[in-house]
Amino acid sequence: MTANTTSTDPQENGNEPVSVGTKDLDPIADIEAKITKNRSKVGALRPSALLYTSGIGATVDLPHLSVMPHGLDGWQRYYDRRAGGADVIVEPRLLDLVRAYLGDQVDQLRKAPWAPETPGGAGDDAVDLGIPARVFPQWLRCTGCNQLAPVTHQVFEFKNVLKFRPDQAQFVHQNCKGWDADAKKSKSRKGRPQAAVPARYLIACINGHLDEFPYVAWVHRGRECPKPRIPQLRMREWKSNIGPDVQIICLSCDARRGMLEATGPKASEKLPRCRGRHPHLDAFYKCDQPGKLMMLGAANQWFASTVGLLALPREESASADDVVPHLQALPPNIIATATSRDSLQAFRLLAGNVAQTDIFDSVSDDTLWDALTAIRSGGSSDVKTPTSTDPTDILLPEWMVLTDREKYTKHSGAADFRAVRRNVPDTLRPIVSEVVAVEKLKKVNAFVGFTRIDALDRIDDSKSRVAPLNRRGRPTWVPATEDRGEGFFLQFDEEAVGEWEEKILGLPIWETFRQAHALNFNRRTSKTADTTIDPDSRFPAPRYWAIHTLSHLLIREAAMSSGYGSASLTERIYAWRPDRDRPAAAGLLITTTASDSEGTLGGLVDLSRPERLGPLVHEAIRRGGRCSSDPVCSHRRPQGKEDFLHGAACHFCLFVSETSCERTNRFLDRRLLLGLLVDKDVATPGLLTSIHGG
């Protein structure tokens, strides 16, 4: 573990780094050069975790240390070590969506450079190790004597020598003599190894930067220590009736300062301004924001910015331009086998098996040959219209396929899609108009960046607030995952939904929700966000609230009979009012997916059979009619300065895990769905009153 020196190179463009590390992060290099006995692997993550919980720029809490996955600049050398290079996901719709966020230079969606399992667990640690990560924060605290020092300090030693126990990787204070090491009686005491853990204070800003807390400058109040050039620090903590009191102590000059000063009302005056550091890039950028104290592992330290959609079959015949992205994902040696038109039949078989797609079989020889010619000449150059990032525009193609029996039946022979119409149970008519069993589906997801302090949907989708994935901020590829699974889709009768919705829009309780949303929007949105956006444009229609509520009830009920836990089930809500550009939608899709190529086991799609779906929905409705927190829950509404975004909903009756809900348990109300027996001032007609008799 050596410190990187930096070279200063000011740039005119604010997106360019002003200072970068001169030494590339390459944990495998020392292993290959046999410089150290320590192993490079310190842990493992699921591919989905790299997109949602522990991705680039996040602090990953390991058993004995904390690390941060590095930006994309450090990933390429790991792909180069793979025999077949990077595994590429081909999904043109998702690629266009990523380009709308990051620019047209993005040309690939890549799977993470996973480490393959070998027979008996043996293998070369220096091959396909995974993704590079750096220790962060780099200030450590000894658990024996509370000494505070950076990882490069001579008192700390890194140990990771057990091949099959990367969880034992840790820093150790080798000769620790305890917290009273300076006492006379401790002079003769024999030191012993003590674990060192990450120091828990950081500095962050709303532009996504994160930095070490300046312990030396803090304890000396911005001045240098009058004694040694490198002072010896200690972190001490006392418990009191007002909470923990942490003090930073300089043992060299006896300076002391408490951390409570960094959290008080005048903290902004005492904390340093942001230095513009992106530790995942080992670079500094221009920044004029004030620094904010951040605790290691805090919930608002890292918010993933991801985009995802269902991979749907094409409605029309694929053109040569449509085939080009699939060919670009193939290894060069596969492309080289297509030497002439006569070789296309063998090429189709080989390429289809490698890419796991049937697109090569669905196009003519002329189309395929034109695509191959375009690849060899540099690819397609057609100019395409910009892709919308509006959530409704992303969902619209899925809605158009799932509600058109001819379309989803025609394409049900595709490798990653199969849907079958089911009869609607008589007890669900007339409000439910169609039921579709989606026996096979594929969901593709891509990581486009992250934010700090505020989540992306709290900053008005301001793309400038998303931290970059590489130093120049214009990556040519992004990490992505593909999951296969199953689900069932319910479509609601538009006439019945529209008639019910008109009744809701004029109620005082709906106006209360609208005002609470505006208050929430203005309070939680970052100060740097676009102030011209009307909060009402982000406020979902009543149909969304009701269908979203039913979705949560079905997830909770399906978890009891599908064989999947509720956290494994996810929702996609199609609910918007008609406008000039798109038709109205009222439907929901409950899915479960897995990263395994074989997908899932069929327990969820089996619930779409009429004899099971009817009882499932009615039992979900019955459970939703009561809550152990009633009447408090059933009468809940925001009042005064309250700005919560749900009505009759709580953890006892509706809330599900954040992996299942697309809106983090917001916009839910059992009254709008079931018409609960409540006081007149909060009562509403229920969308499902006609089928449950409420």
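Refer to the structure above for everything that follows.
Quantities reported herein were computed from a predicted structural model and do not represent experimental measurements.

(A) Broad picture of the pattern of salt bridges. Within this structure, the stated rule accounts for 37 salt bridges. Asp579 is the salt-bridge partner of Arg582, the closest N and O atoms lying 3.4 Å from each other. Through salt bridges with shared partners, one network takes in Lys111, Asp416, Lys442, Glu482 and Arg484.

(B) Focus on the nonpolar core. Within the largest apolar cluster, 60 residues are counted, with the highest numbers of intra-cluster contacts made by Phe488, Phe492, Leu554 and Leu588. The element contributing the most residues to this core is helix α15 (residues 542-558), with nine residues. When near neighbours in sequence (up to four residues on either side) are disregarded, Leu554 contacts Phe488, Leu490, Leu588, Leu616, Val617 and Ala620. Listed in part, the 31 residues of the second largest apolar core include Leu109, Val307, Val444 and Phe447.

(C) Empty space enclosed by the protein, seen in detail. By the definition in use, this model includes two cavities of 30 Å³ or more. A volume near 90 Å³ is recorded for the largest cavity. Lining the largest cavity are 12 residues, and of these Val88, Ile89, Leu95, Asp107 and Pro325 sit closest to its centre. Among the elements of the structure, β5 (88-89), α4 (92-102), β6 (108-110) and α7 (320-328) are those that each provide at least two residues to the lining of the largest cavity. Here the residues of the lining of the largest cavity sort into eight nonpolar, two polar and two charged. Roughly 40 Å³ of internal volume is contained in the second largest cavity. Forming the walls of the second largest cavity are Pro47, Leu50, Leu51, Trp75, Lys111, Ala112, Pro479, Ala480 and Thr481. It is strand β24 (residues 477-492) that contributes the most residues to the lining of the second largest cavity, three residues altogether. Counted by class, the lining of the second largest cavity contains seven nonpolar, one polar and one charged residues.

(D) Structural view of helix α10 (residues 365-376). Given a rise of 1.5 Å per residue, 12 residues ought to cover 16 Å, and the 17 Å separating the end C-alpha atoms of α10 matches this to within 8%. For α10, the complete set of buried residues consists of Thr367, Leu368, Trp369, Ala371, Leu372 and Ala374.

(E) Unusual backbone geometry, seen in detail. With omega at 0°, the peptide bond leading from Phe136 into Pro137 counts as cis. Going from Asp630 to Pro631, the amide bond is cis rather than trans, its omega being 5°. As for its position among the elements, Pro631 is in the loop between α16 (610-624) and α17 (670-674). Non-glycine residue Thr664 carries a positive phi angle of around 45°. Checked against the element boundaries, Thr664 lands in the loop between α16 and α17. With phi around 60°, Asn665 is a residue other than glycine that occupies positive phi space. Tracing the backbone shows Asn665 in the loop between α16 and α17.

What counts, and at which threshold
- Residues numbered from 1 in each chain as written.
- Predicted model: local features only at pLDDT ≥ 70, side-chain atom pairs only at ≥ 80, totals over all residues.
- Heavy atoms only, no water.
- Salt bridge = Lys/Arg side-chain N within 4 Å of Asp/Glu carboxyl O.
- Core = buried A, V, L, I, M, F, W, Y, C linked by side-chain atoms within 4.5 Å.
- Buried < 20%, exposed > 50% of the residue type's maximum accessible area, 1.4 Å probe, protein only.
- Helix = DSSP H or I, 4+ residues; strand = E, 2+ residues; numbered from the N terminus.
- Contact = heavy atoms within 4.5 Å.
- 1 Å grid on protein atoms, 1.4 Å probe; cavity = no way out; pocket = protein on both sides within 12 Å on 5 of 7 lines; lining within 4 Å.
- Points joined across faces, edges and corners; volume = space filled by probe spheres on them.
- Nonpolar A, V, L, I, M, F, W, Y, C, P; charged D, E, K, R; others polar.
- Expected span 1.5 Å × (residues − 1).

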